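# Analysis of the macromolecular model
The chain contents come next:
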Amino acid sequence: MRIGSWLLPNPVFVAPMAGVTDRPYRKLCKALGAGYAVSEMAASNPRLWDSVKTSRRLNHEGEIDPIAVQIAGADPDMMAEAAAFNVGKGARIIDINMGCPVKKVCNVASGSALLRDEDRVLRILRSVVEACTPLGVPVTLKTRTGWDRNSRNAVRIATLAQDVGIAAITLHGRTRSDLYQGEAEYDTIRDVKSAVQIPVVANGDIDSPEKAKYVLEYTGADAVMVGRAAQGRPWIFREISHYLKTGEHLPPPTFGELRARLLDHLEEHYRFYGEFTGVRSARKHIGWYLSALPDAAEFLPRINEICSTSEQTHAIEQWFARHPPNEPMMATAVPA
């Protein structure tokens, strides 16, 4: 699959997730087989660009190209300015967020709230594309099927996007009103793929190699995007990619590999966030990695009480010492 001039190595992508897909996590997922990763959502408001949170989200040091940055906002001119600003910070692809369903985003007419205003959608898309085209940077769109189930307008949005020069579209198979509840539906994704010529990426409830294969075949999509199922399970990208190529399953990771991956992830996480924030923000990742494994129910409360990165690392090393490194993890051990 291509996005502009970028040829991506495989059709298994990392979904942008606020508070999750930071630079250390994106680099890990790419190392474990993800063909593409999009940054956490970056604010379009220039007044926020110097904040600690936004500054971290704009830090792409050492990341494998193409660096893709997702921007969010409701003002067309401000979105265009944000796009150009992020290109100056290293972005090689700009992704527009029209899919975030959370209240604090939708309440300012951003994210998936834009799906109720197709005129504004068109103005934002056109403004960002016009800002990025002279810079040689393609623009993509991530959105949902509609505001609610009675107003699914993804086909119209996708057609508008294609007409103004959007290079690819990612569609989450839920409406904004669905949030993350129930099951994703793929009929709308299939309809969008039939209606446009640009690449279409299917997103929503893709949590196994078999599900990825089914969604690709059912929708005709060009790629799949994995979100929550990769939390604590970043090797899912190599599992899906291998299965799509061969029809065969890779063996599950061993406890030794899990230990190495987790400790490497934490080391880069600590360097990125620093001592105070690093030890606290790492807790959720540790929980995702270990929550369904033996003895984790007793161990994880201890992790949440530790306030030092060195103590956190030592506790994890002690926990893994109880498990033979060559012992394979159960395929179902880490939850999606």
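As a starting point, this report considers the structure included with it. (Residues numbered from 1 in each chain as written. Predicted model: local features only at pLDDT ≥ 70, side-chain atom pairs only at ≥ 80, totals over all residues. Heavy atoms only, no water.)

### Here's the deal with unusual backbone geometry
With an omega of 0°, the peptide bond running from Asp 65 to Pro 66 counts as cis. Mapped onto the elements, Pro 66 comes out in the loop between helix 2 (52-57) and strand 5 (68-72). Here the phi dihedral of Leu 179 falls at roughly 50°; this positive angle occurs in a residue that is not glycine. Relative to the elements of secondary structure, Leu 179 occurs in the loop between strand 8 (168-172) and helix 7 (187-195). Judged by its relative accessible area of 32%, Leu 179 falls in the partly exposed class. Phi at Asp 205 takes a positive value of approximately 65°, unusual for a residue other than glycine. You can see Asp 205 is positioned in the loop between strand 9 (200-203) and helix 8 (209-219). When its relative accessible area of 22% is taken as the criterion, Asp 205 is described as partly exposed. (Helix = DSSP H or I, 4+ residues; strand = E, 2+ residues; numbered from the N terminus. Buried < 20%, exposed > 50% of the residue type's maximum accessible area, 1.4 Å probe, protein only.)

### A word on the packing of helix 10 (residues 255-273) against helix 11 (residues 275-290)
Their axes nearest at 8 Å, the elements helix 10 and helix 11 cross at an angle of 155°. Considered as vectors, helix 10 and helix 11 are oriented roughly antiparallel to each other. The two elements helix 10 and helix 11 meet at a crossing, and its hand is right-handed. Here Leu 258, Leu 262, His 265, Leu 266, His 269, Tyr 270 and Tyr 273 of helix 10 come into contact with helix 11, specifically with Glu 275, Thr 277, Gly 278, Val 279, Ser 281, Ala 282, His 285, Ile 286, Tyr 289 and Leu 290. Classifying every residue of the contact of helix 10 with helix 11 gives ten nonpolar, six polar and one charged. (Axes fitted to C-alpha atoms, helices over the stretch in contact; angles between N-to-C directions. Parallel < 35°, antiparallel > 145°, perpendicular 65-115°, else oblique. Left-handed = near helix turned anticlockwise from the far one by under 90°. Contact = heavy atoms within 4.5 Å. Nonpolar A, V, L, I, M, F, W, Y, C, P; charged D, E, K, R; others polar.)

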